[in-house]
Amino acid sequence: MRHLWRWTKRVLILCVVVVLGLLSPVAYVETTCRGTPLGNTYVARIAPNQHRPEARTYMTYPEWHIVHAYDDYARVIRASDPHKFNFFKGISGYWSSLCALKQHAETTGKVDGETKQLVYVIGVSFTFELLLKAAYEETIGRIATWIRGDLRAPLDDLSARQAESYATFLQQVPWYKWDFIADAAALQTTATDVFRDKERAFSLGLEYGAKAAYAQVIADAVAQVGADELTLHMIVTAPDAFDFAQFKEITLIDTLDGAYLIETPRYRQLTHLMHSMAAKGVEFVEIAGNDDIMFTALSDKANHPNALHSFARQGYGDYRHLIPVKTTDLAQALRDLPKSGAQLEHIHDY
């Protein structure tokens, strides 16, 4: 019994250390990364029931950082092995960007507790997932590649395609709607008798199974509280004789003294739509009751003069920049991006 109690205490201590380690970035961001509210005198024209908190344009990025991390991972394993991906860089990138964004978000207004809870929970989950994946891929996974040799196995290529499809899927659809069970079944169907395929089918099968179970829990929880709105309202101006019907995603709601109140989709569709609108001379006046917004851009330069935060992407050899801008300046900023050698990645709504 004494021997059992000794090992029980060691396990408990280890669990406490792991929990404290996972929570330490939360404590750092919450206590250190603070901004002073500057006050907002902007008077919104859009109806209050269509307003969204302005600080969320910055605080939606952490979820997208995870999407981008999966995309980076897919890019790396397209031609290389999982242990070549820097899992710790993916983790540190999440928390360092969150720190910069929380500081700036708090200058525009209070970041509500629900939003902070969300980014902290998904941050801890993301950290835990990547630590587990790193622990496996840097040990057993790496040994499996040594046994395999330089020639990639069929499941190396299949898992790379699955990762790429998953990363693309996440740009518009919540992760818990992905069919992990189908991916696991495809691994079993495609696997050959070589050791690497057996190892990939087993390890990734466990991963996909765990994610499928967790996805069902999240889906049930979302069903209880309701999913987020899929559209938003904005006010724009447009050149004479501009025809909004050319954009089937737009619903024209009203005209407002030379401006237009429209409804648009959110997420990735919104980025493509606003980029096209700006190219055709549309100017953005107000979005979801706000006069500030953030977008991300990509370039081969390590820094951008207007960025809150910049860092290198894995597998691409370029850099991501998080850029805040006034809503009224957004269209021109999008049109000017190519002149600076940058390209639009994503416009973060609220």
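One can find the structure itself at the top, above this paragraph.
Summary of the structure given here. Quick caveat: nothing in here was measured; it's all calculated off a predicted structure.

Once that is clear, we can look at the overall build of the protein chain. The secondary structure content of the protein chain amounts to 10 helices and eight strands. In terms of overall dimensions, the protein chain has a C-alpha envelope of 75 × 45 × 45 Å along the principal axes. Within the protein chain, the fraction of its 350 residues that count as buried is 46%. Taking the intrachain contacts of the protein chain between residues at least 6 apart in sequence as the baseline, contacts between residues at least 24 apart amount to 77%. Carbon together with sulfur atoms contributes 59% to the accessible area of the protein chain, which is approximately 18000 Å² in total. Taking the average location of the 35 positive side-chain charges in the protein chain and that of its 41 negative ones, the two points are 9 Å from each other.

Now for the sheet that holds strand β3 (residues 259-265). What the four strands build is an open sheet, ordered β2-β3-β1-β4; its pairing is antiparallel. The open sheet has two edge strands, β2 (251-256) and β4 (283-287), and neither has a second partner. Sheet twist, expressed as the mean angle between neighbouring strand axes with direction ignored, is 30°. One ladder, built from six bridges, connects strand β1 (residues 231-237) with β3; its direction is antiparallel. The residue of β3 that forms the bridge with His 233 is Glu 263.

A few words on helix α3 (residues 61-77). Between its first and last C-alpha atoms α3 spans 24 Å; for 17 residues at 1.5 Å apiece the expected length is 24 Å, and the two agree. In terms of burial, α3 is largely enclosed, as 15 of its 17 residues are buried.

Core analysis: the largest hydrophobic core is formed by 53 residues, its most contacted members being Tyr 61, Tyr 94, Trp 95, Leu 98, Tyr 120 and Phe 180. Broken down by element, this core gets its largest block of residues, 10 residues, from α3. Core analysis: the second largest hydrophobic core is formed by 32 residues, Leu 232, Met 234, Leu 344 and Tyr 350 among them.

To continue, consider the state of the cysteines. Evaluation of the coordinates by the stated rule reveals one disulfide. Note on cysteine connectivity: Cys 33 is disulfide-linked to Cys 99, with sulfurs 2.0 Å apart. The chirality of the disulfide connecting Cys 33 with Cys 99 is left-handed, given an S-S dihedral of about -95°. Of this pair, Cys 33 sits in the loop between α1 (2-32) and α2 (56-59) while Cys 99 sits in helix α4 (residues 87-108); the two residues are 66 residues apart in sequence, bridging distant segments of the chain. Here Cys 33 and Cys 99 have matching classes, each one buried.

Cut-off values and rules
- Sequence order sets the numbering: in each chain, residues are counted from 1 along the sequence as written.
- Predicted model: local features are reported for residues with pLDDT of at least 70 only, side-chain atom pairs are reported and counted for 80 or more only, and whole-chain, interface and lining totals are derived from all residues.
- With hydrogens and water set aside, each side-chain value is computed from the structure's full complement of heavy atoms.
- We count a stretch as a helix when DSSP gives it H or I for four or more residues in a row; a strand needs E for two or more, and each element gets its number in order from the N terminus.
- Buried residues are those whose accessible area, probed at 1.4 Å on protein chains only, stays under 20% of the maximum for their type, while exposed residues exceed 50% and partly exposed ones sit between those limits.
- Here, two residues are considered to be in contact whenever any of their heavy atoms come within 4.5 Å of each other.
- Surface accessibility in these figures is a Shrake-Rupley result with a 1.4 Å probe; residues are shielded only by whichever protein chains are displayed.
- Charge counting follows a simple rule: Lys and Arg are positive, Asp and Glu are negative, and His as well as the terminal groups are ignored.
- Every charge is mapped to an atom, namely NZ of Lys, CZ of Arg, CG of Asp or CD of Glu.
- Paired strands are those between which DSSP finds at least two bridges.
- As a rule, the C-alpha atoms of each element are fitted with a line to give its axis, helices using only the stretch in contact, and angles between N-to-C directions run from 0 to 180 degrees.
- A helix's residues, less one, multiplied by 1.5 Å, set its expected span.
- Among buried residues, the Ala, Val, Leu, Ile, Met, Phe, Trp, Tyr and Cys ones that are joined through side-chain atoms within 4.5 Å form a nonpolar core.
- Cysteine sulfur atoms that pair up within 2.5 Å are treated as a disulfide.

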